[in-house]
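Listed below, chain by chain, are the residues.
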Amino acid sequence: FFSACPMATYYSMDLAPVAPAPNQRPWAPVGIGVLAFTMAFVAAYSWAATGYAPQELYTLTVPTSGVRSIVGRGPVPMARYPFVPNPMRPQATTAPSEAAPQEPEAEERDVKTLMVVRLTAFTLLCNAAQRWIIELLSIAHLPYVLLGMCLLPPCLGFWKSEYTVSYGYGTATALSALAIYTSAAHFGCAPLALAHCILIILYGVRLNLYLLYRETCIPKFRLFRERIEERATQRGPRLARAPFVVSCGFLYMGLVAPLMLSASWASLSAGHPMTIIFQALIGLAYLGFAIASFGDLQKSYAKSKNPGLVTGGIYSWLRHPNYTGEQLMWTASFLAGALAYFSAQAFTLAQGAYLLVSLLGCVGINFVLAQATAQLEKRQAEKYGNDDEYKSWIGSSWAGFGVSQ
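Residues numbered from 1 in each chain as written. Predicted model: local features only at pLDDT ≥ 70, side-chain atom pairs only at ≥ 80, totals over all residues. Heavy atoms only, no water.

Student: I would appreciate a short explanation of the packing of aromatic side chains in the present structure.
Tutor: By convention here, two paired aromatic rings are described through the distance between centres and the angle between planes. Scanning all chains against the criterion turns up nine aromatic pairs. With a centroid separation of 5.0 Å and an interplanar angle of 80°, the aromatic rings of Y341 and F342 are classed as edge-to-face. Residue Y341 is classed as buried on the basis of its relative accessible area, which comes to 12%. Taking relative accessible area as the criterion, F342 reaches 56% and is therefore assigned exposed. Ring centres of W398 and F401 lie 5.0 Å apart, and the angle between their planes is 85°; this geometry places the pair in the edge-to-face category. Residue W398 is classed as partly exposed on the basis of its relative accessible area, which comes to 39%. Here the aromatic cluster, defined as three or more aromatic residues joined through ring pairs, consists of Y169, Y203, Y252 and W330. (Phe/Tyr/Trp six-rings, centres within 6.5 Å; stacked < 30°, edge-to-face > 60°. Buried < 20%, exposed > 50% of the residue type's maximum accessible area, 1.4 Å probe, protein only.)

Structure, rendered in structure tokens:
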């Protein structure tokens, strides 16, 4: 609610009739989409986290249990919201030795409520950052803006080592793609090029939301993150992580570089062979995104019900759809950018540099994902190698592309 108010005001001003030209605010539709998604997500998750409808949350600070709800839903006892203190009522003080331990259910509600607060703060931060970023988006400044967007988010790894390849990954790709989309829409690039940018925006946002849910709602992953941080701290000071952080930033630059090539795509006739191939590559990239997203969604749901091996659904064909889907997405994205480069009527040194960076990014991310696939295959074989279900599963499914270390 509190994130929606300033965002709605800002974007309604961008869409006002007094705007000098329609293309002067090309990011406004994206902002409206972000606003709608954020409002829906916060409302749905607040309901799921507390068990009550979002409008009931407005009664959190009612001073007495008998006051009627402002939405007309009857008396709402404050006991229903034990995880939110009432600032209008003096809190009882208890000696530390007499303090009752917090119940697991209440602690879990605290964690979920914190997730909603984090999401709201993240939305406000993106709203403020976007307005500053837009002022820098010009053809002259864009390469430097992209470099900064790819190098800064991985610096979260100086705080938590694992964040370099999780939140840093999703944030760098989403913000960079948003910057390119804004510039491309402003200069009237082809719809296919804009669809390419939207894909990477969706990927980064989806990844961050999934990571936030997993870290906040599944205790195992919080412990996993802390173990990674503990090992990283034992290896040396935080500044020793700089080479890894910077290398990840350049890798992310390689992943979004194809968007710069796609932005130069010259719109050809609908039946032109190059156009058909370009459309097919963008479609394959979206297919890879869908496979990876559905794989994460199915596995999270299945693990919440049964911590064992997941072999149904999409996993009956692909043993690691999240890795295989990403490999398909990034490879198709690179090929689409390369096709746009070779179909251009004029070649420039800058475009050649983007092509080289794109190639390095594609090779790098495929190598990383192939290693992750091989490692997961090895762990599963060690854990379930003697299980008949596992043997039947690996005989009827594909592991994807994997390389051993």
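Student: For this particular structure, what's the right way to read the packing of helix 4 (residues 142-151) against helix 8 (residues 242-262)?
Tutor: Helices that pack against each other are described as a pair by the angle of their axes relative to one another and the distance between those axes. With their axes 8 Å apart at the nearest point, helix 4 and helix 8 run at an angle of 135° to one another. The orientation of helix 4 with respect to helix 8, classified from their angle, is oblique. Regarding helix 4 and helix 8, the two cross each other, and that crossing is right-handed. In this structure, helix 4 uses L142, P143, L146, L147, C150 and L151 to contact helix 8, whose residues at the interface are V246, G249, F250, Y252, M253, V256 and M260. For the contact of helix 4 with helix 8, the per-class residue count stands at 12 nonpolar, one polar and no charged. (Axes fitted to C-alpha atoms, helices over the stretch in contact; angles between N-to-C directions. Helix = DSSP H or I, 4+ residues; strand = E, 2+ residues; numbered from the N terminus. Parallel < 35°, antiparallel > 145°, perpendicular 65-115°, else oblique. Left-handed = near helix turned anticlockwise from the far one by under 90°. Contact = heavy atoms within 4.5 Å. Nonpolar A, V, L, I, M, F, W, Y, C, P; charged D, E, K, R; others polar.)

Student: Explain the layout of surface pockets to me, please; I cannot follow it from the model alone.
Tutor: The rolling of a water-molecule-sized probe over the atoms marks out the regions of remaining empty space. Of the pockets and cavities examined, the largest pocket occupies roughly 2000 Å³. Taken together, 50 residues form the lining of the largest pocket, with R214, F221, F224, Y323 and R379 sitting closest to its centre. Breaking the lining of the largest pocket down by element, the ones donating at least two residues are helix 6 (191-217), helix 7 (219-235), helix 8, helix 9 (273-305), helix 10 (321-342) and helix 11 (349-384). With 11 residues, helix 11 is the single largest residue contributor to the lining of the largest pocket. (1 Å grid on protein atoms, 1.4 Å probe; cavity = no way out; pocket = protein on both sides within 12 Å on 5 of 7 lines; lining within 4 Å. Points joined across faces, edges and corners; volume = space filled by probe spheres on them.)

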